[in-house]
2 protein chains.
Amino acid sequence: MGRPNDELAQDNFSTVRVGLLGCGNVGCALVSLIDAESEAIAERTGVRLAITRIAVRDLAKRRSVPEIASRLTDDPMSVVEDEEIDLIVELIGGIEPAESLIEAALREGKSVVSANKDLLASRGTKLHDLAASAGRDLLYEAAVGGAIPLVRALSVSLAGERVHRVMGIVNGTTNYILTRMSESSASYEEALIEAIKLGFAEADPTADVEGYDAAAKTAIMASIAFNADITAHDVYCRGITEIVVADIDFASRRGYVIKLLAVAERFVEGEDESILVRVHPAMIRKSHPLASVHGAFNAVFIEGEHAGELMLYGRGAGGSATASAVLGDLVEAARGLQRVTTFEQPARRHVQIRPIDQLSSTYCITIEAKDRTGVMAEVADVFGSQGVSIRSMEQTDSYSEARMVFITHLARESDVQATLHGLEKLDSVVRLGGLLRVVGDEDE
Amino acid sequence: MGRPNDELAQDNFSTVRVGLLGCGNVGCALVSLIDAESEAIAERTGVRLAITRIAVRDLAKRRSVPEIASRLTDDPMSVVEDEEIDLIVELIGGIEPAESLIEAALREGKSVVSANKDLLASRGTKLHDLAASAGRDLLYEAAVGGAIPLVRALSVSLAGERVHRVMGIVNGTTNYILTRMSESSASYEEALIEAIKLGFAEADPTADVEGYDAAAKTAIMASIAFNADITAHDVYCRGITEIVVADIDFASRRGYVIKLLAVAERFVEGEDESILVRVHPAMIRKSHPLASVHGAFNAVFIEGEHAGELMLYGRGAGGSATASAVLGDLVEAARGLQRVTTFEQPARRHVQIRPIDQLSSTYCITIEAKDRTGVMAEVADVFGSQGVSIRSMEQTDSYSEARMVFITHLARESDVQATLHGLEKLDSVVRLGGLLRVVGDEDE
C-alpha cells in the first residue's frame, strides 16, 4: 500500500509497470488511486498495476500525492523509452508533445491509454493505424464522458451494430449553466460566474461555452460509431453564449428543454452515405431521456438498427471519475499485454461529411421587431419566399418592441439560413435571437 | 447476402464459423441479422461471421428465417464437436442440456456466447473457471438487460473499480405492468392481461411477476460487480403480485414511484465483507434517474468509489435487441480467436451473503384495520415494542375499515418483520398490505 516501487510480484498476479505522462488533476487522482488500491485491484482483476515513473513539466511544483518525488522526471521521452515500463498513460493534453510521445510509445511496442480528446479528435485515425500496425492497444475511454463506459460500448458492444445516430450531452459546464438558467432563471452571465466559482467551469470557459470541447468529443464518438475518419473540423459547432432566459422559458412552455447537444448521424441515400456531425443548442422534448440530464452530468443516447435505443449516463468530468475510466483502460491494456494479437481491425473509412446546409429539422427562430402594424406580414413574407413553413408563433410585447418566436415545420437548413438573412435586412427587425434546432422529435 | 455457406473468405477478412444451439425468437433474429448483414459486419469489424449449423429440437417446426433448412440438425452435440465450427452460441435456455453443451464446447477449445440467465445465475462460477482453464471466452451480455452493454461495463470498464452498489430495473414485464398501473390506474390484473396481449408478458408470467427472472439477473450482476460466487439462491426475492393501485397512489403523493428493483450491495464492517442481494417492489424518489424508466425499458444504476454514479438504459428484451447483444459478444469472441491468451483471471471469491434480516432501510407498511377507537394505539404499540420508529402515517377510511399507511424511520428488517407478525395477531387488523422498502433515499 502506497509503496508501489517495492517488492513487486510476490504472488501469482503479474505486475504491470506504468509510465505516466502528465500529472495534473486527473494524473494525481490516478496515482493516488493506484498507489492506495493496487492490492485490491490485483485481487479484483488479476493485474497488479504500479505507476513507476511520472513525467511532469515542472519538478518543483507541489502536488497532492505523497511519496511521488522519487518517481518524477521532466523528460517524458525517457519514460516512453524505458524498457522497464510496460504501458504508457498520456494525460498531457493538446497536440504536441503528446502526439510524438504516443507515437514513440506505440513504436516501442507499448500500449497507450490516453484521455486526450483534442489529439484524438484531430489525429485519431493516424494513431489508430499506428496502434494496429504495432499490434498494441490505444484506449481512450476517458476522452469522452468521464467514467461513462461509452467508448467501449461503441467500439466493442456495438461493433457489429448498424448505428444510425449518437446524440448526447457531453459537456458538463454548459449543461450546468443551462440547468441553472432553467431552474433559477439566472442569466447566462450569472450562471457562468456561479459555474466558475463551483469549479464546473474554467476561468477561461471559451472551449466549453463555444462548443469546441463538445465538438472534439463528437468527432471521437462519430469516428467509432461509424468506423470513419471524422475530425473536430468536420463538426458544425455553435455554443450557448446567445441563449437567454426567455428562450428557455419559451421552450419550457412548449414542452421542451434547451441543451447543448452533440449529434452524429448517418444518412444513406441509394449508394451514397454521408455523416452529419454537429454541436449546437437544441430543443428536446421534456419526455426524452436526455431532457432529465441535469447539472454537470453527461449522457449519450444511441440509436441502433437492432439494439434500439440505449442511453449511458454519468459524471462526465472530474479527476476521480476520469481516473476511474483510465483505470478501466489500464486493466484492459494490461490484460492485453499477455496476448499475442494477430487480429486486423479494418481501417477507418473516409466518408462524405454532410454539410449542415443539408440538415432537415424543425427550427425555433426568435425575432425582436418594432411593434408596428405590418411587421408580421413582412416577416411572414420572408419565411414564405424561402419556402419555410411556420408551425406556430408566439408574440409578447414590451414597450415599443415585439418579441416573436416561430417554430417551423420540417425545413432545410439552407432555406432557414436564407430566411434569417432576409429577416436581418428588414427595417422593422431590431434583433434576431439565436437559432434553435429541435432534435429527437422527428415524428412531428 | 443470405447465402452464408457459399464462397467464404474472398478477401482479407477472416471468416468465423458459428454453430447455433437453439433457434427460437432470439435465435431466428440472430440468423436473419447475420445472414443479411454479414458483409456489412465484416466491413465494420474485420470479422465475417457465418452461422453454418443450427441445432433445434424439432426439425419440422416452421421458422421465420428463409434458407435455413440445409443448416438444421437435431443433434446439438454434433454441432459442438464439429471441427469446422469456431464459436458456439447457446440460446437453448434452462440448465440441461445447455450446461453439458457449453462445457463440451469449452473443452473443445471453442469460445461460447450465451444468453442463458438461469444457467449463468446457478452455474456461472463453474463455467467461468472452465472457460479460464480452457483459455477461451464465455460471454453473456445478452443474459442481463438485452442490448444494454451492462455486463461488459461491469466486467471490463469497471474491472478496477470498487463498486458499492448495483441497482436496477431488469425485468421489462413487471416494469410495464407497474407503469400501466401508475399511468392509467389499471389494476394489477388488468395491466397483466394487457401486457400478455401486447407480448410484454408470457402466458405464464410467474417467473416475471414473482421476481425470479430479476433474481437470476441480480445474481449475475453481483457476481461480476463483486467478482464473487453468487447464485440466484442467494437473492432475497419478492414479486409484484401484491401491489395495488392504492400503494402506487400513496407513493406518488409522497414523491415516490414503485418499481420492482434488483439491488446488489457490498457491506464492509472492519475485516468483514458481505453482499446483500435482493429483488422486491421498492419506493424510489421521483427525482432518481431510475424513476423515469418507463414501460418495458430496463436500466441499471451503478455506484462506484471513483466512477461515481452511472446509469445504463435501454430495451431489456425482444429478439432484435437481444440478438444485437449476442452479435457484440460474437464479434469480441471472434476477434479473441486470433489471440493467444495467457492472462489469468482471478477466481471468483466466496463471499458471505448478508441475510435480508440485516437490511437497514426505511419501510412502507399498509394496514387495513377495523375502524374503531383504540386501533391506532394498538398498532403504534406493536411498532414501539419492536423499536421501529414511525416517520409518517396517512389514514383513509372506507365503510367500516381504515387503511393506514406508515413510513418508518431507518429500521432493521428483522424488527420490521417482527412488527408485521405482531400486527397480524391484532384482532383489529383485517389485512396487511405488501411491504415496500424505500431505496436510494439514504440521506433521510
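Please read all numbers here as calculations on a predicted model, not as lab measurements.

Caption draft 1: Fine view of the interface of chain B and chain A. With 53 residues of chain B at the interface, the matching set in chain A holds 53 residues. Mapped by element, the contributors of at least two residues to the side of chain B that touches chain A are helix 1 (25–45), helix 5 (150–157), strand 12 (308–315), helix 11 (319–337) and strand 13 (339–341) of chain B. If you tally residues by element for the side of chain B that touches chain A, the top one is helix 11 of chain B, at nine residues. Among the residues forming the side of chain B that touches chain A, the class breakdown is 23 nonpolar, 18 polar and 12 charged. Taken together, the five bridges between strand 12 (residues 308–315) of chain A and strand 12 of chain B define a ladder with antiparallel strand orientation. Residue L310 of chain A lies in a different strand from strand 12 of chain B, and its bridge partner there is G314 of chain B.

Caption draft 2: Fine view of helix 12 (residues 375–385) of chain A. Residues and elements named next belong to chain A. V379, V382 and F383 are the residues of helix 12 that are buried. Looking down the long axis of helix 12, one finds its buried residues gathered within 100° of arc, a one-sided arrangement. For helix 12, the exposed residues lying more than 90 degrees away from the buried face are A377, D381, G384 and S385. Summarising the contacts, the buried residues of helix 12 are in contact with strand 15 (360–370), strand 16 (390–398), strand 17 (401–408) and helix 13 (413–425). Positive backbone phi, at 75°, marks G387, one or two positions downstream of helix 12.

Caption draft 3: Spotlight on the sheet that holds strand 1 (residues 14–21) of chain A. Residue and element names in this part refer to chain A. One open sheet accounts for six strands, arranged 3-2-1-4-5-6; its pairing is parallel. Either end of the sheet is taken by a strand with one partner, and the two such strands are strand 3 (72–73) and strand 6 (138–139). Note that strand 1 and strand 2 (residues 47–55) share eight bridges and pair parallel. Paired with L21 across the strands is A55, a residue of strand 2.

Caption draft 4: Geometry of the relation of the copies chain B and chain A. With an RMSD of 0.0 Å, the operation that places chain B on chain A is a rotation of 180° combined with a shift of 0.0 Å along the axis. Expressed as a symmetry operation, the mapping of one chain copy onto the other fits a two-fold axis. In terms of proximity to the rotation axis, the leading residue of chain B is L312 of chain B, whose C-alpha is 2.3 Å off the axis. The share of interface residues of chain B whose copies in chain A are also at the interface is 100%, consistent with both copies meeting through the same surface.

Caption draft 5: Representation of the packing of helix 1 (residues 25–45) of chain A against helix 11 (residues 319–337) of chain A in the model. Residues and elements named next belong to chain A. Where helix 1 contacts helix 11, the axes come no closer than 9 Å and their chain directions differ by 50°. For the element pair helix 1 / helix 11, the angle class is oblique. For the pair helix 1 and helix 11, the crossing hand works out as right-handed. Across the interface between the two elements, N25, V26, C28, A29, L30, L33 and T45 from helix 1 touch G319, S320, T322, A323, V326, L327 and V331 from helix 11. Among the residues making up the contact of helix 1 with helix 11, the classes are represented as nine nonpolar, five polar and no charged.

Caption draft 6: How the structure looks around the sheet that holds strand 5 (residues 111–114) of chain B. Residue and element names in this part refer to chain B. Reading across the sheet, the six strands line up as 3-2-1-4-5-6 and stay open at both edges, with parallel pairing between neighbours. One side of each edge strand has no neighbouring strand; the edge strands of this open sheet are strand 3 (72–73) and strand 6 (138–139). Across two bridges, the pairing between strand 2 (residues 47–55) and strand 3 is parallel. When the bridges of strand 3 are listed, I54 appears paired with L72. Its contacts with the sheet put helix 1 on strand 1 (14–21), strand 2 and strand 4 (87–90), and the angle it makes with strand 2 is roughly 160°.

Calculation criteria
- Residues numbered from 1 in each chain as written.
- Chains lettered and ligands numbered in written order.
- Predicted model: local features only at pLDDT ≥ 70, side-chain atom pairs only at ≥ 80, totals over all residues.
- Contact = placed C-beta atoms within 7 Å.
- Helix = DSSP H or I, 4+ residues; strand = E, 2+ residues; numbered from the N terminus.
- Nonpolar A, V, L, I, M, F, W, Y, C, P; charged D, E, K, R; others polar.
- Pairing = 2+ DSSP bridges.
- Buried ≥ 20, exposed ≤ 12 C-beta atoms within 10 Å, placed from the backbone.
- Arc of directions from axis to C-beta.
- Least-squares fit on C-alpha atoms with pLDDT ≥ 70 in both.
- Axes fitted to C-alpha atoms, helices over the stretch in contact; angles between N-to-C directions.
- Parallel < 35°, antiparallel > 145°, perpendicular 65-115°, else oblique.
- Left-handed = near helix turned anticlockwise from the far one by under 90°.

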